[in-house]
Amino acid sequence: MSSSGGVARRGRPGPWPPAPPPQPQAQPLSWAKRTGFQSRVSGESVAIASASNSGQVSLPRPAEAPSSDLESGPQARPNSALPPPPAAATVGNAEQKPQPPPPPARTRRRDSDGGRPNGQPAPAPLPQLLEEEDDAPERPAHVKYELRDSPGVFPIAVYGFQHYISMLGSIILIPLVMVPAMGGSPDDMAAVVSTVLLVSGMTTLLHTFCGTRLPLVQGPSFVYLAPALAIINSPEFFGLNNNNFKHIMKHLQGAIIIGGAFQVLLGYTGLMSLFLRLINPVVVSPTVAAVGLSFFSYGFSKVGSCIEMGILQLLMVVLFALYLRKIKLFGYRVFLIYAVPLALGITWAVAFVLTATGVYSYKGCDANIPHSNNVSAYCRKHVLRMRSCRVDTSHALRSSPWLRFPYPLQWGTPIFSWKMGLVMCFVSIIASVDSVGSYHASSLFVATRPPTAGVVSRGIGVEGVSTILAGVWGTGVGSATITENVHTIAVTKMGSRRAVGFGAIVLILLSFVGKVGAFIASIPDVLVAALLCFMWAMLCALGLSNLRYSAKGSSRNSIVVGLALFLSLSVPSYFQQYGLHPSANSSVPTYFQPYIVASHGPIHTGSSGVNYILNTLLSLNMVIAFLVALVLDNTVPGGRQERGLYVWSDAEAARRESAVMKDYELPFKIGQAFKWVKCIGL
């Protein structure tokens, strides 16, 4: 009667019987079609119940998201609103029908909670990384082989090789920047490259077995590059003439070992589990982005030494990575996966042809005369340009032996300096923050659930051990999880740790072939600089992509991230330019000027060691970004949804799920002997 009475009171009678009112189902959002999201009105209670049983925190219902005000705090509860008019309430109650039960959840692990953003089993996922295919925009991204999958011997070999080739630039380019800055010869560079391949393979296997057990490649990290350059350009190393490479390398080894030992304590004492409460996407995003932005003074300044080859290299890698990224050959996106090696190979071949045909010639200038002794101004400029453009300037490939065995302490006994060691200790914290973001993002692709806080702490401890190994062998920088891992997993769709382990074994074998390291060491400097421009830009983008876990429309987050990024450029610029005269330190190239701040910084106390530490740390972009974002994000009020807090799996709930245990527990039941140690995870 109430429904018919309601129709009779309408101003204009409609058709009989009256059309049912529209269902109270939210319209698809702009990203719903792209992610394949289908609304399930009656499934929220089931999802929320499962979340409470597993120790996860669920997001609010998506239907309430458009009307929520992120700036005014959490929404009021539904029962606190004013009741509807009696007639309208009666009509709504009479016409509402019970919804059918939701369909059973799929049992495949790639559709489990780990595939949803931030690890939260909310009924409506937030936007996530999608497959870049125009023909299937409604299917969310997933991997072909997940964490514990074993596709077979041949696929493991193919995918393992593909995984490492796609990350080639991140593994080999750092020694090509550091060794020349230390005054090393091409033979020294070849030896360091071989050492990097060996240590990267060993530490990747160590992390796969004893760390988080996620398919993450370990290697030289760009986080350690800026502080290493600052140590290389320390005042005590000015004026060195003989064996300056080995002398500086031994100081770097000592600092790296101290930083690695501090990271071991941070992980295995459980301090990292407590520190995780302060690390959120709003902190990780500007910190990682600042790592890429910090090298802007090096990038194009070095490319300009041979502008045509540098521009060609940069255009080729952009062409393959962006314009041709959707083209498939044999079912693979060859151009996207192999953008860096393809662009390098083509540009290197062009430079070889120009060198062989005489286009790049010295034109009567003697290349063996030192630059300072050359009386001709034309020859001074021309010889420097030809050394950047020609491909035969490095004799490492001819002089290098076929077999080389990198061994510990090959550069000599490390020299320990407390001021350099404390700088590396603080840098190891930032490397841990970078790794935390990689752990969480990669686990959403390949694992059942995100790792527990104990597993994260265990992974940081293993990274500390890896950094100690890098210091003992002498790679020049610490070892950490390479940030490009997440991008590589998303592109190659390969998340099997067996394939990553196979690739690590291949790296170890290649490190024993001396010609491989020499071949990499012979890459022209200008091509290295052009590739680094792309790699650092991608590193910055990967850092900012962590914001997808937070409320991107929040002015709070925008101000925090923007202020952290701006101050990360402005404050170090003040330290780097303070007291610096244009005629001073002329022996240091202009692109290394930002790293000599320890000799002229604004902080002057009674202790030269304190001056060194503070001036060096505050001149690093990533340090300023980290400190600003850490303080603001943890003091400015904001809700959990707005901040996008990382949600880690609960340890007790994870132990009740066999799939999670198989993902993260230590192999061979090693963890059974360490159950009493809560900080090593499962």
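Values in this document were obtained by computation on a predicted structure and should not be read as measured data.

Q: Quick question: what am I supposed to make of the overall build of the chain here?
A: Helix and strand counts for the chain stand at 29 helices and two strands. Split into buried and exposed, the 682 residues of the chain put 52% on the buried side. Sequence-distant contacts, at least 24 apart, represent 84% of the contacts inside the chain between residues at least 6 apart.

Q: In this structure, what is going on with the packing of helix H6 (residues 168–181) against helix H8 (residues 225–232)? I would like to understand it.
A: Between two packed helices, the angle of one axis relative to the other and the distance separating the axes together describe the packing. It is the contact of H6 with H8, at a shortest axis distance of 10 Å, that shows an interaxial angle of 10°. Looking at the two axes, H6 sits roughly parallel to H8. On H8, the residues that touch Ile-174, Met-178 and Ala-181 of H6 are Leu-225, Ala-228, Leu-229 and Ile-232. Looking at the contact of H6 with H8, its residues break down into seven nonpolar, no polar and no charged.

Q: What is the right way to read unusual backbone geometry from this model?
A: A negative phi angle is the norm for most residues apart from glycine, just as the trans form is the norm for most peptide bonds. The phi angle at Arg-213 is positive, at roughly 70°, despite the residue not being glycine. Among the structural elements, Arg-213 can be located in the loop between helix H7 (186–210) and strand E1 (218–220). A relative accessible area of 11% places Arg-213 in the buried class. Residues other than glycine seldom take positive phi values, yet Lys-493 does so here, at roughly 60°.

Q: Help me understand the side chain of Glu-484, please; the structure alone is not making it clear to me.
A: Among the structural elements, Glu-484 can be located in the loop between strand E2 (479–481) and helix H20 (485–492). Arg-548 is the oppositely charged side chain nearest to the buried, salt-bridge-free Glu-484, at an N-O distance of 14 Å. Aside from chain neighbours lying at most four places away, what touches Glu-484 is Met-167, Ser-170, Phe-222, Met-535, Met-538, Leu-539 and Leu-542.

Q: How do you make sense of the state of the cysteines when you look at a structure like this?
A: Chemically, a disulfide is nothing more than a covalent bond linking the sulfur atoms of two cysteines. In this structure the tally under the stated criterion is two disulfides. Two residues share a disulfide in this structure: Cys-365 and Cys-379, whose sulfurs sit 2.2 Å from each other. Every disulfide takes its handedness from the sign of the S-S torsion; for Cys-365 and Cys-379 that torsion is -75°, giving left-handed. Remark: Cys-379 occurs in helix H16 (residues 377–389) and Cys-365 occurs in the loop between helix H15 (339–356) and H16; sequence separation between them is 14 residues. By relative accessible area, which is 8% here, Cys-365 ends up buried. Once the bonded cysteines of the chain are numbered in order along the sequence, the disulfide links fall as 1-4, 2-3.

Rules of the game
Counting starts from 1 at the beginning of each chain's written sequence and moves along it residue by residue. Predicted model: local features are reported for residues with pLDDT of at least 70 only, side-chain atom pairs are reported and counted for 80 or more only, and whole-chain, interface and lining totals are derived from all residues. Remark: hydrogens and water are excluded; side-chain values derive from all non-hydrogen atoms of the structure. In this description a helix means any DSSP run of H or I spanning at least four residues, a strand means any run of E spanning at least two, and both kinds are numbered starting from the N terminus. The buried label goes to any residue with under 20% of its type's maximum accessible area, the exposed label to any with over 50%, and the partly exposed label to all in between, with areas taken from a 1.4 Å probe on protein chains only. Pairs of residues are marked as contacts when any of their non-hydrogen atoms sit within 4.5 Å. All axes here are fitted lines through C-alpha atoms, helices being fitted over the stretch that makes contact, and every angle between N-to-C directions spans 0 to 180 degrees. Should an angle fall under 35 degrees it is taken as roughly parallel, and over 145 as roughly antiparallel, whereas 65 to 115 is taken as roughly perpendicular and any remaining angle as oblique. All amino acids are sorted into three groups, where Ala, Val, Leu, Ile, Met, Phe, Trp, Tyr, Cys and Pro are nonpolar, Asp, Glu, Lys and Arg are charged, and the leftover types, Gly among them, are polar. When charges are counted, Lys and Arg are positive and Asp and Glu negative, with His and the chain ends excluded. For this analysis, a salt bridge means a side-chain nitrogen from Lys or Arg found within 4 Å of a carboxyl oxygen belonging to Asp or Glu. Pairs of cysteine sulfur atoms within 2.5 Å are identified as disulfides in what follows.

Limitation: the analysis is restricted to geometry and does not speak to function.
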